[in-house]
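Here is what each chain is made of, one letter per residue.
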Amino acid sequence: MRRSILLVLAALALLTPTHPTFAQKKFITRENVSRILKALSADDKMGRPSMEPAVMEKSIVFIEGEFKRIGLAPLDGLKSFRQEFTQDAIAGSTIAITANNKMIEKSDVIVYSSKDNFRWNSAANVYRIKKSDNPAQLFRRYSQDTTDAIVLIDTTHAKAFKAFQSRFAKKRILNASSKSGTKVFVLSTDTLIAALDVAVSQRKEKLVLTNVVGQLKANVATNESVIFSGHYDHLGILPPTEGDSIANGADDDASGVTAVIMLAEHFKKQKERRRNLIFVAFTAEEIGGFGARYFSSNLNPNDMVAMFNIEMIGKVSKWGPNAAFITGFERSDFGTILQQNLQGSAFTFHPDPYIAQNLFYRSDNATLARLGVPAHTISTDQIDTDKLYHTVNDEFESIDISNMTEIIRAIAQSASTIVNGNAKPTRIDTSKVD
Ligand SMILES: [Zn+2]
């Protein structure tokens, strides 16, 4: 079903006249888009799990190779395209728990804590996720809650529980800025805790994580820079569905990284570059945006004129082909500038139509926006109905290469006046950013 719909849409895309400039057509090719996306979403990248640096190495080497082929330079102060940083992580835990004098199986427990060790003989707070509750919503709320608590999850939510567990049982970054209290989630038919004994010890380790960053210097002396970004990490291995367990993340966000590489190739060939262009493939977006946080802590936000963050442009938008949307549209005039640069073309960029989804805060642009940078995400994803999102089925075969190539050409065209220095988006009001 999906395949035939995609074929129809692809056929429509071919029938729609587009007028990209010669340069966009010449340097942003369908062949390269397909080749890069295929490589980044191949099974040998193992779903690009940021918590497994040894596994990530293949993806890093691939992106470095592209930056080198195109002729980018390392960022000022770096010797290579690698921007490395360390994070403390929890690598594993030992859990012994009895509740109401019953031993609880480790498979029925999720510990969410930044402590090395803790022992509880009574519960300060007991929360419940009842049969009638939305488990995903409450799981998120309780894990962010600042108190220490036991959370009893009704056994009817066993499937959702296992999904959380597969996420939390993995190695996890210790978020120093997080104020979350310790939570012990227990899958149980009990609704009260009369007696409790919890003993947990967690093993910590230091992880080296890597953003891949290249730049093209302006052909005039300037401190002003424009950032093009996507995140190359994804979810790694998920519980198997029909024999497949690799979350290839073709759309999320190999498509964005492919765009970043293609835009680098395009702008390398342009003579009118009056701002420095920074091309970055972030790590650790999916687990909390740690790559973008480190990146932003090493630059002067006042020099950053705009950030084009690109997320999930591999499928046709709700408006059909040749269209995309911009998150946080009303927060600066970035989107209006892009629209002006697309006037007379077949491309349309719209304000984000999925406001309830909070997409402005769900990607790396938010980190830069908090510093005042006009930092927005460009996407085509129909996030409200996307059945492939964060599943093992987000694969190369589901991507509309033809439309994706056109969208990258559109981004190149939409950025032209920001790159050549003729337009400067208004800053984002940081007092209005959460
Ligand atoms: Zn993403």
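Our structure's up above, just so we're on the same page.
Since the structure is predicted, the reported quantities are computational estimates derived from the model, not experimental observations. (Residues numbered from 1 in each chain as written. Predicted model: local features only at pLDDT ≥ 70, side-chain atom pairs only at ≥ 80, totals over all residues. Heavy atoms only, no water.)

A few words on the overall build of the protein. Looking only at helices and strands, the protein has 12 helices and 17 strands in total. In summary, the protein has a C-alpha radius of gyration of 23 Å against a globular reference of 22 Å for 434 residues, a match within 12%. For the protein, the spread of C-alpha atoms along the three principal axes comes to 75 × 50 × 40 Å. Burial statistics for the protein: of 434 residues in total, 55% are counted as buried. Carbon together with sulfur atoms contributes 52% to the accessible area of the protein, which is approximately 18,900 Å² in total. One finds the centroid of the 52 positive side-chain charges in the protein at a distance of 2 Å from the centroid of its 47 negative side-chain charges. (Helix = DSSP H or I, 4+ residues; strand = E, 2+ residues; numbered from the N terminus. Rg over C-alpha atoms; globule rule 2.2 N^0.38 Å. Buried < 20%, exposed > 50% of the residue type's maximum accessible area, 1.4 Å probe, protein only. Areas by Shrake-Rupley, 256 points an atom, 1.4 Å probe, with all protein chains shown as cover. Lys, Arg positive; Asp, Glu negative; His and termini not counted. Charge placed at Lys NZ, Arg CZ, Asp CG, Glu CD.)

What follows covers the environment of V200. Within the secondary structure, V200 sits in strand β9 (residues 196–216). What makes V200 buried here is its relative accessible area of 4%. With residues up to four places along the chain from it excluded, the contact list for V200 reads T94, I95, V111, D116, N117 and F118. (Contact = heavy atoms within 4.5 Å.)

So, on to the sheet that holds strand β3 (residues 109–112). Strand order across the open sheet formed by 4 strands is β3-β8-β6-β5, with mixed pairing between neighbours. For this open sheet the edge positions go to β3 and β5 (126–129), each flanked by a neighbour on one side alone. Sheet twist, expressed as the mean angle between neighbouring strand axes with direction ignored, is 20°. Relative to strand β8 (residues 183–187), β3 runs antiparallel, the two being bridged by 4 bridges. What sits directly across from V111, in β8, is V184. Of the strands in this sheet, β3, β5, β6 (149–153) and β8 are in contact with helix α5 (residues 135–144), which crosses β5 at around 160°. Along the sheet face, helix α6 (residues 158–168) touches β3, β6 and β8 and points at about 45° away from the line of β3. (Pairing = 2+ DSSP bridges. Axes fitted to C-alpha atoms, helices over the stretch in contact; angles between N-to-C directions.)

This part takes up the side chain of D233. Take D233: it is sitting in the loop between β10 (225–231) and β11 (236–241). Salt bridges are absent for the buried D233, whose nearest opposite-charge side chain, R48, sits at 7.1 Å. For D233, the side chain forms a polar contact with the main-chain nitrogen of E285, separated by 3.0 Å. Non-local contacts of D233, meaning those with residues more than four positions away in its chain, are made with R48, S50, M56, F282, T283, A284, E285, E286 and I287. (Salt bridge = Lys/Arg side-chain N within 4 Å of Asp/Glu carboxyl O. Polar contact = N/O pair within 3.5 Å; in protein donor to acceptor, adjacent residues only side chain to side chain.)

Moving on to the pattern of salt bridges. In the structure shown here, the tally under the stated rule is 22 salt bridges. As a salt-bridge pair, D251 and K315 come within 2.8 Å of each other at their nearest N and O atoms. Residue D251 is found in helix α7 (residues 250–268), and its partner K315 is found in the loop between β14 (304–310) and β15 (323–326); the two are separated by 64 residues along the sequence. Assessed through its relative accessible area of 0%, D251 is described here as buried. What makes K315 buried here is its relative accessible area of 13%. Sharing partners across several salt bridges, the network here consists of R35, E66, R69 and E265.

With that settled, the discussion passes to the packing of aromatic side chains. Under the counting rule described, the total for this entry stands at 14 aromatic pairs. Both rings, one in F282 and one in F295, keep their centres 5.3 Å apart while their planes meet at 75°; by these two values the pair is edge-to-face. Remark: F295 occurs in helix α8 (residues 290–297) and F282 occurs in strand β13 (residues 276–282); sequence separation between them is 13 residues. F295 matches F282 in its accessibility class, with the two residues each being buried. What links up through ring pairs into an aromatic cluster is the set F228, F267, F279, F308 and F334. A cation over an aromatic ring shows up here: K45 above the ring of F62, its NZ or CZ 5.9 Å from the ring centre. Taking NZ or CZ as reference, K115 lies 5.8 Å from the ring centre of F118, over its face. (Phe/Tyr/Trp six-rings, centres within 6.5 Å; stacked < 30°, edge-to-face > 60°. Lys NZ or Arg CZ within 6 Å of the ring centre and 35° of its normal.)

Along the polypeptide, H350 turns up in strand β16 (residues 348–351). Distance in space between the C-alpha atoms of H350 and L338 is 9.8 Å, their sequence separation being 12 residues. Contacts of H350, omitting those with residues within four sequence positions, involve W319, A323, A324, F325, I326, F329 and Q339. At a separation of 3.1 Å, a polar atom in the side chain of H350 contacts the side chain of T348.

This part covers the nonpolar core. Membership of the largest hydrophobic core comes to 60 residues, with the highest contact counts inside it found for I63, F228, F267, F279, F308 and I418. Considering each element in turn, this core owes the most residues, 10 residues, to α7. Apart from the residues lying within four places of it in its own chain, the contact partners of I63 are L40, V212, Y232, V257, I261 and A281. (Core = buried A, V, L, I, M, F, W, Y, C linked by side-chain atoms within 4.5 Å.)

Our next topic: the coordination of the zinc ion. Ideal geometry at a metal centre gives angles of 109.5 degrees when four donors are arranged tetrahedrally and 90 or 180 degrees when six donors are arranged octahedrally. At the metal site, the zinc ion is ligated by H231 (NE2), D252 (OD), E311 (OE) and E311 (OE), and these contacts range over 1.9 to 2.7 Å. Note that the zinc ion binds 4 donor atoms; their angles at the metal cover 53 to 157°, and the shape is irregular. One chain supplies every donor to the zinc ion, and in sequence these donors are spaced H-x20-D-x58-E. A residue pair is termed long-range when its members are at least 10 positions apart, and H231 in strand β10 and E311 in the loop between β14 and β15 qualify at 80 residues. The pair H231 / E311 is uniform in exposure class, with both members buried. (Donors = N, O, S within 2.8 Å, 3.2 Å for Na, K, Ca; no water. Tetrahedral: all angles 85-135°; square planar, octahedral: opposite > 155°, others 65-115°.)

In this section: the packing of helix α4 (residues 53–70) against α7. At their nearest, the axes of α4 and α7 sit 10 Å apart, and the two run at 10° to each other. In this view, α4 runs roughly parallel relative to α7, as classed from their interaxial angle. The segment α4 lies against α7, with I63, E66, F67, R69 and I70 engaging V257, I261, M262, A264, E265 and K268. In terms of residue class, the contact of α4 with α7 is made up of 7 nonpolar, no polar and 4 charged. (Parallel < 35°, antiparallel > 145°, perpendicular 65-115°, else oblique. Nonpolar A, V, L, I, M, F, W, Y, C, P; charged D, E, K, R; others polar.)

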